[in-house]
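The chain contents come next:
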Amino acid sequence: MRRLPKHGFRADRSVEALFCELREGWAQPWFQTGSPDVAFVSTTCGLNVWCCDGMFIWSDRCGATVTHPANDPSGAAARLNSMLAPQVSAAA
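These lines cover the structure that appears in this document, whether it is placed above or below. Since the model is a prediction, treat every value here as computed from it, not as a measurement.

1. Concerning the packing of aromatic side chains
Right, so step 1: Under the defined criterion, the tally for this structure stands at three aromatic pairs.
Right, so step 2: With 6.4 Å between their ring centres and 55° between their planes, W30 and F31 make a pair best called tilted.
Right, so step 3: One aromatic cluster is present, built from ring pairs that chain together W30, F31, F40 and W50.

2. Examining the packing of helix α1 (residues 11–22) against helix α2 (residues 73–84)
Right, so step 1: At a minimum axis distance of 9 Å, the contact between α1 and α2 shows a crossing angle of 50°. In this view, α1 runs oblique relative to α2, as classed from their interaxial angle. The two elements α1 and α2 cross, and the hand of that crossing is right-handed. Note on element contacts: α2 touches α1 through P73, S74, A76, A77, L80 and N81, opposite S14, A17, L18, E21 and L22.
Right, so step 2: Residues of the contact of α1 with α2, tallied by class, amount to seven nonpolar, three polar and one charged.

3. Focus on the environment of S74
Right, so step 1: Mapped onto the elements of the fold, S74 is located in helix α2.
Right, so step 2: Of the residues examined, S74 reaches a relative accessible area of 38% and is grouped as partly exposed.
Right, so step 3: Separated by 57 residues in the primary sequence, S74 and A17 place their C-alpha atoms 8.2 Å from one another.

4. Side note on α2
Right, so step 1: For α2, spanning 12 residues, the distance from its first C-alpha to its last is 16 Å, which sits close to the expected 16 Å at 1.5 Å a residue.
Right, so step 2: Every buried residue of α2 is listed here: P73, G75, A76, A77, L80, N81 and M83.
Right, so step 3: Contacts made by the buried residues of α2 are with α1, β3 (48–52), β4 (55–59) and β5 (65–69).

Conventions adopted
- Residues numbered from 1 in each chain as written.
- Predicted model: local features only at pLDDT ≥ 70, side-chain atom pairs only at ≥ 80, totals over all residues.
- Heavy atoms only, no water.
- Phe/Tyr/Trp six-rings, centres within 6.5 Å; stacked < 30°, edge-to-face > 60°.
- Axes fitted to C-alpha atoms, helices over the stretch in contact; angles between N-to-C directions.
- Helix = DSSP H or I, 4+ residues; strand = E, 2+ residues; numbered from the N terminus.
- Parallel < 35°, antiparallel > 145°, perpendicular 65-115°, else oblique.
- Left-handed = near helix turned anticlockwise from the far one by under 90°.
- Contact = heavy atoms within 4.5 Å.
- Nonpolar A, V, L, I, M, F, W, Y, C, P; charged D, E, K, R; others polar.
- Buried < 20%, exposed > 50% of the residue type's maximum accessible area, 1.4 Å probe, protein only.
- Expected span 1.5 Å × (residues − 1).

Have a look at this one:
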C-alpha cells in the first residue's frame, strides 16, 4: 500500500488542477498521469510539464528549465500560455 507523502503535497492533484487550467489557452492539455510523488501533463504542442517536490517544471523555448510553485496552477497555466501564444509583431 502506497503512503501519502508526509508533507501532504500531492503531485497528481496539482497536475490535475493544471490540466483543467490549461484547457482554455494555447497549451491544450492532452494527457496526464502520475502518483502523489511525481506527475506530468503533456500538451498537444509537445510541451511536457512535470510536477514534483511542490514545483511544476518545464523547459522554455530556449531549453532553459522553468519552475513554478505547484500550489499555483492558474499562475503556471498563465505562464505556459504566454510562452506558447503566437508572437505578434508590433510593427504593422
